[in-house]
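# A structural walkthrough
Take a look at the letters that make up each chain.
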Amino acid sequence: TPVAMDTIVALAKRRGFVFQGSEIYGGLANTWDYGPLGVELRRNIKNAWWHFFVQLRRDIVGLDGSILLHPRAWEASGHVDEFNDPLVDCRNCQTRYRADNLIEERLGRNVDGATIEEMTRVIKESNLACPVCGQRDWTEVRQFNLMFRTFLGPVEASGTQAFLRPETAQAIFLDYRNVLQSSRVKIPFGIAQIGKAFRNEITPGNFIFRLLEFEQMEIEYFIRPEGWEPVFEEWLDAMQAFFRFIGLGEARLRQREHGPDELSHYSKRTVDFEYEFPFGWKELCGLAYRTDFDLRRHQEYSGVDLTYFDQATGERFLPHVVEPTMGVERLMLALMVDAYHEEDAVDVAGKPYRRVVLRFHPRMAPYKAAVLPLMKKPELVAKANEVWDLLRPEFPTDYDETQSIGRRYRRQDEIGTPFCVTIDYDTLEDDSVTIRDRDSMEQVRVPIAELVPTLRERLER
Ligand code: ATP
C-alpha cells in the first residue's frame, strides 16, 4: 500500500521540499512553494527530461515561448469555447463542485461526453445529497472556462483581454514556422518546451497534484498526415523508457486509453499514464494524437500558410502531431511517493528505530552526497570543509555538523541523499573517509584522492 498523503506532506514541509504558499499570511489555498530540496528535485526532473528527449535525440529541438499569446490564438486553439469544466453549486452551503466528478464519485456513473443539461437532470433525478451539508438543493450545471484572464494595458475596461496559457503547446504551433525557417529540421521532428501553465481549476487539491499554477514539459512531434499509429506506439515506449530513466517504478504505473466521449476537442487518440497515488490511480501524464487540428486552425485564423514542403517528395501538406505531455509537479509527487520507504533499523549506537528513507534514483536525488564531520571539533570541521569544497563543484553536496552522527544519517536518509561521507579522527592520519550507502547502509573506507571518482562511479551504477 502506498504511503499516506499526510506523511508525504509532512516530510515535504519538514525537510524543505514543499511549503504552503504565502504561509505567513495564512496561506493562499492551492499554491505551493518549492524549498531548497524541492527546487533541486524539480530541476533534476526537468534536466532529465531535456537530456532524454532533446539532447540525446537527433530529431527534437527546444523552444521557450511566452506565457501570454495573442488572444486570437486561444480562439483558434478552441480553448475559448471548449476548455470548460461543468460546475455545480450547492445552494444551501455554497460548496462548488465539478459536476462530472460529483456524479462519478457519488453515483458511480460515468458522464463523459454528457451535456450540462443531462448532468443537471442526473443530479436532480437521483436526488443527490451534497457531501458537505446533506441538502439536495442544486443550481443548474453550467460551463466554466478554466483559463485565467488578465488585461493588457492600463485600464481594465479598455485594455485587451488576454489569457495566461493553460498549456504550453500553443506557443509551439505559433513558432513552428520560425523553427522550420531557422533550423534544419525535417519531418518527422519535434519541438520541446518546458514552462508554466495556469488553470483556474474548480476543485484543486491533493497537495501538488491539481494546481492553479504548474509546469508542463511538452513535445509536439510533427509527422506526415498518414501513418500516425506506429509513431504513437513509439512514443508510448519512449515515455515508458523515460520513467525508467528517472527511476519511477513500473508497479504503480499503468496506461489508460481514453474512450471516444472522453477525448479532448483536438484529439483522435489519447492514452494517459496513470500512477497509483495515495488517493488512487490518477493521471500522471499523457500522449495525444492531435491530428493537424492546431496548425489547421492557426492557419485559418492567422491567414498565414503553415504547410510544410517535403523536399524529398515534392509534396506540400499540413503536418499532423503526436504530443507527449508531462506535468513536473505530478512527476515530483509520484517520485516522492515511489521513493518513500519505512523500515526497522538499528542506529550507530545499537538502538532500534524506524528508518524513513527516500530511495530516489541518484539522478533525481536533490543532494548526491553529504559531508559529515563525526564531531563538531575544529580539526574535523576544517577537514570536512576541505572535502566539501572538493565535492561541491562535482555534484550538489550537503554539509551538516549539528547533532549526533546518527541523527544526521537519518536526516540524509529522509531527503534521499545516496551517500554520506564521514570525516573522523583517522581521516586526519590517513586522509581517508567513510562512505555510507543510503540503501544498504554499508560503509566503506576510501582515500580522499579517490573520493570523486568513487562517488561518480557509484552514482552511475
Ligand atoms: P486532468 O484530467 O487531471 O485534469 P488533463 O487531462 O486536463 O488532466 P492535460 O490537459 O492532458 O491534463 O495536461 C497535461 C499534463 O499537465 C497532465 O498530464 C498533468 O501532468 C499536468 N496537469 C494538467 N493539469 C494540471 C493541474 N491542474 N495541476 C498540475 N498538473 C496538471
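Note that the structure is a prediction, hence the values are computed from the model and not measured.

Attention now moves to helix α2 (residues 36-55). Spanning 20 residues, α2 covers 27 Å between terminal C-alpha atoms, matching the ideal 28 Å at 1.5 Å per step. Within α2 the residues assigned to the buried category are Leu37, Gly38, Leu41, Asn44, Ile45, Trp49 and Phe53. Looking straight down α2, one finds its buried side chains confined to an arc of 125°; they lie on one side.

Of all residues adjacent to the ligand, which total 15 residues, the nearest are Leu211, Phe214, Cys285, Thr325 and Gly327. When contributions to the shell around the ligand are tallied by element, the ones reaching two or more residues are β10 (213-223), β13 (280-291), β16 (320-327) and α10 (328-339). Of the residues belonging to the shell around the ligand, the class tally is 4 nonpolar, 4 polar and 7 charged.

Here we take up the sheet that holds β13. What the 7 strands build is an open sheet, ordered β3-β9-β10-β16-β13-β12-β11; its pairing is mixed. Looking at strand neighbours, the two that pair on one side only are β3 (60-63) and β11 (253-257), the edges of this open sheet. With direction set aside, neighbouring strand axes in the sheet form an average angle of 25°. Pairing of strand β9 (residues 189-198) with β10, which is carried by 10 bridges, proceeds in the antiparallel orientation. Each bridged residue has a counterpart across the sheet, and for phenylalanine 198 the counterpart in β10 is glutamate 213.

Residue proline 188 is reached from isoleucine 187 by a cis peptide bond, and omega for that bond is 0°. You can see proline 188 is positioned in the loop between α7 (169-182) and β9. The phi angle at serine 22 is positive, at roughly 55°, despite the residue not being glycine. Inspection of the secondary structure assignment puts serine 22 in the loop between β1 (18-20) and β2 (32-34).

Let us look at the domain arrangement of the chain. We note that the domain assignment places domain 1 (34-68 + 164-336), domain 2 (84-145) and domain 3 (367-459) within the chain. For domain 1 versus domain 3, the distance between C-alpha centres works out to 39 Å.

This part covers the sheet that holds strand β23 (residues 443-447). Ordered in space as β20-β19-β21-β22-β23, the 5 strands form an open sheet in which the pairing is mixed. Single-partner strands in this sheet number two, and they are β20 (397-399) and β23. In this sheet, neighbouring strand axes are inclined to one another by 25° on average, regardless of whether the strands run parallel or antiparallel. Pairing of strand β22 (residues 432-437) with β23, which is carried by 5 bridges, proceeds in the antiparallel orientation. Counted as the bridge partner of serine 432 is proline 447 from β23. Most of the contacts of helix α11 (residues 378-391) go to strand β19 (residues 369-373), to which it runs at about 165°, and overall it touches β19, β20, β21 (419-423) and β22. Sheet contacts for helix α14 (residues 451-459): β19, β21, β22 and β23; angle to β21, the most-contacted strand, approximately 160°.

Glancing now at the packing of α2 against α10. Contact pair α2 / α10: the axes reach a minimum separation of 10 Å and the direction vectors enclose 110°. Classified by the angle their axes make, α2 and α10 are roughly perpendicular. Seen along the crossing, α2 lies across α10 with a hand that is right-handed. Two secondary-structure elements touch here, α2 through Leu41, Arg42, Ile45 and Lys46 and α10 through Val328, Leu331 and Met332. Considering only residue class, the contact of α2 with α10 consists of 5 nonpolar, no polar and 2 charged.

Calculation rules
In every chain, residue numbers begin from 1 and rise along the written sequence. Local features in this predicted model are restricted to residues whose pLDDT is 70 or higher, and side-chain atom pairs enter the listing and the counts only when it is 80 or higher, whereas totals over whole chains, interfaces and linings include all residues. Labels follow the DSSP assignment, with helices taken as runs of H or I lasting at least four residues and strands as runs of E lasting at least two, numbered in each case from the N terminus. Given the number of residues in a helix, its expected span is that number minus one, multiplied by 1.5 Å. Field definition: a residue is buried when 20 or more other C-beta atoms are found within 10 Å of its C-beta, exposed when 12 or fewer are, and partly exposed for counts in between, with C-beta atoms placed from the backbone. Throughout, the arc means that of the directions going from the helix axis to the C-beta atoms. Using a C-beta atom placed from the backbone, a residue is described as near a molecule or strand when that atom lies within 6 Å of it. Polar here means any residue other than Ala, Val, Leu, Ile, Met, Phe, Trp, Tyr, Cys and Pro, which are nonpolar, and Asp, Glu, Lys and Arg, which are charged; Gly is therefore polar. One bridge is not enough; two strands pair if DSSP finds at least two bridges between them. Structural elements are reduced to axes, namely lines fitted to C-alpha atoms, with helices fitted over the stretch in contact, and the angle between N-to-C directions of any two is expressed from 0 to 180 degrees. Marked domain ranges trace back to an automatic or database domain assignment. Contact between two residues is assigned whenever their backbone-derived C-beta positions fall within 7 Å. The labels follow the angle: roughly parallel below 35 degrees, roughly antiparallel above 145, roughly perpendicular from 65 to 115, and oblique for the rest. Handedness of a crossing follows from how the near helix is turned relative to the far one, being left-handed for an anticlockwise turn of less than a right angle and right-handed for a clockwise one.

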